[in-house]
Amino acid sequence: MARKTKTSAGTPAGGRERTAEQVASGLAEIVPDRDRPHAWTLLIDGTPQSHVDLDDPTHLSFEYQRRLGHLADLADVPRKPITTLHLGGGALTLARYIAATRPRSRQQVAEIDTQLTELVRRALPVDRTWQLRVRGGDARDILSRSPEGQADLIVADIYSGARIPAHCASVEFARLAARALGPGGRYAVNITDGGALTFARGQVATLRAVFAEVALIADPTVLRGRRFGNLVLVAAQQPLPVDELTRRIATDPFPGRIEHGPRLVDFQAGAVPVPDSGAGPSPVPPPGAFS
């Protein structure tokens, strides 16, 4: 679920045809982008999930994907391979980006919808030379079985339909991520919320209960509760590159704002960490939220 930097077509572009198949998650559609001749948008039940440019995997069209891309860029020195675990696969947009910008990176993707993975591999093929493995299964189950202390970056972009499942939004889940991260590793989460931002505030409290450093990145209108949208959380046990992130996000087509330190505590507004026993899914997006 995301806003694009350019408008995606609703009809075939340049003679290309959309693909539509029923998968476990719902109706999957792969729709051509009228602005980029070899780019496509993946929708599930009409909600945009991923955007891929087969000619240029470094092109990140959705605002939240650009922010995750910044985090991938700052995971280590440029071009150095990293070990990444993606929880939630979609069209493998960020995995493609890391493979292109950090050759020889080792990447594993957890995607519960194996039918979706098969469709994406067929319609939007990946480079076979990339060290990219997609595993079918529940994200939490795969995370719990991941090696301890090895990942440089873990990205959670986990949705069942248009909502984050409750069992992937708890303190226990965050602890599993912290366990899998290596020294200096970072955990990034894409969530959606709006209005009073109750879910987002609870997720901030949840990550702050596990990690020494947490920051939140979002469009100012989302942070003020005026629009339902994406918020990206990043957490680590070591200091985060907040200044550099701030500079990069300021140049994005949809400039964002970072909340960190005392401002993040103010944003949390007294929310408490969410255990498994009290976890719930993210809110249902209002109609047209991601049109």
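Provided above is the structure to which this section pertains.
Numbers given for residues are sequential positions, taken from 1 along each chain in its written order. Selection of residues for local features in this predicted model requires a pLDDT of at least 70, selection of side-chain atom pairs for listing and counting requires 80 or more, and totals for whole chains, interfaces and linings are taken over all residues. Think of the side-chain values as coming from all heavy atoms in the structure, minus any hydrogens and water.

Asks: Describe the side chain of Asp252, with residues and values.
Replies: Numbering of helices and strands runs from the N terminus, with a helix taken as a DSSP run of H or I at least four residues long and a strand as a DSSP run of E at least two residues long. With respect to the element layout, Asp252 can be found in the loop between helix H8 (242-250) and strand E12 (257-260). Judged by its relative accessible area of 6%, Asp252 is buried. Counted as a polar contact is a pair of N or O atoms within 3.5 Å, where, for protein atoms, one must be capable of donating a hydrogen and the other of accepting one, and residues adjacent in sequence contribute only when both atoms are in side chains. Looking at Asp252, its side chain comes within polar contact range of the side chain of His70, at 3.0 Å. Two residues form a contact once any of their heavy atoms are found within 4.5 Å. Those residues in contact with Asp252, other than ones at most four positions away along the chain, are Arg66, Arg67 and His70. Partly exposed residues are those whose accessible area sits between 20% and 50% of the maximum for their type, while under 20% is buried and over 50% is exposed, using a 1.4 Å probe and protein chains only.

Asks: Go over the nonpolar core, please, and point to the residues and values.
Replies: Here, nonpolar core refers to any group of buried Ala, Val, Leu, Ile, Met, Phe, Trp, Tyr and Cys residues whose side-chain atoms link them within 4.5 Å. Ranked by size, the top nonpolar core spans 41 residues in total, and within it Leu87, Leu143, Ile154, Tyr187, Leu207 and Phe211 carry the most contacts. Looking at which element gives the most residues to this core, the answer is helix H5 (residues 171-180), with six residues. Among all residues touching Phe211, those that are not within four sequence positions of it are Ala174, Ala178, Leu181, Tyr187, Ala235, Ala236 and Gln237. One finds Leu68, Ala188, Ile217 and Ile249 within the second-largest nonpolar core, a separate group that totals 24 residues.

Asks: An account of unusual backbone geometry is requested, with residue identities and associated values reported.
Replies: Of note, Leu92 is a non-glycine position whose phi angle comes to about 65 degrees, a positive value. Topologically, Leu92 is positioned in the loop between strand E5 (83-87) and helix H2 (93-101).

Asks: Go over H2 with me, naming the residues and quoting the values.
Replies: An α-helical turn contains 3.6 residues, so any two residues separated by three or four positions project in the same direction. Among the nine residues in H2, eight count as buried, and that is most of the element. Burial in H2 covers these residues: Thr93, Leu94, Ala95, Arg96, Tyr97, Ile98, Ala99 and Thr101.

Asks: Give me helix H3 (residues 114-123): which residues, what numbers.
Replies: Within the span of H3, buried status applies to Leu116, Thr117, Leu119 and Val120. For H3, the angular spread of buried residues about the axis comes to 165 degrees, placing them on one side. Facing away from the buried side of H3 by more than 90 degrees, the exposed set consists of Glu118 and Arg122. Residues of H3 that are buried sit in contact with strand E1 (19-23), strand E2 (26-32), strand E3 (39-44), H2, strand E6 (106-111) and strand E7 (132-136). With a side-chain oxygen positioned 3.2 Å from the backbone nitrogen of Gln115, the residue opening H3 is Asp113. The arc in question is formed by the directions pointing from the helix axis toward the C-beta atoms.

Asks: How would you sum up the sheet that holds E12? Please name residues and give values.
Replies: With mixed pairing, the eight strands of this open sheet are ordered in space as E7-E6-E5-E8-E9-E11-E10-E12. Single-partner strands in this sheet number two, and they are E7 and E12. For this sheet, the mean angle separating the axes of adjacent strands, direction not counted, is 15 degrees. One requirement defines pairing of two strands: DSSP has to find at least two bridges between them. Comment: axis = line fitted to C-alpha atoms, over the contacting stretch for helices; angle = value between 0 and 180 degrees taken between N-to-C directions.

Asks: So, the pairing of E3: which residues are in play, and what are the values?
Replies: Within E3, six of the six residues are buried, which leaves the element mostly enclosed by the surrounding structure. Every second residue of E3 is oriented toward a common face, with Ala39, Thr41 and Leu43 on one face and Trp40, Leu42 and Ile44 on the other, all of them buried. Pairing of E2 with E3 involves five bridges; the strand directions are antiparallel. When the sheet's bridge partners are listed, Pro32 is paired in E3 with Trp40. Adjacent in sequence and paired antiparallel, E2 and E3 are bridged by six residues. Connecting the antiparallel pair E3 and strand E4 (residues 47-53) is a turn made up of two residues, with Asp45 showing a positive phi of about 50 degrees.

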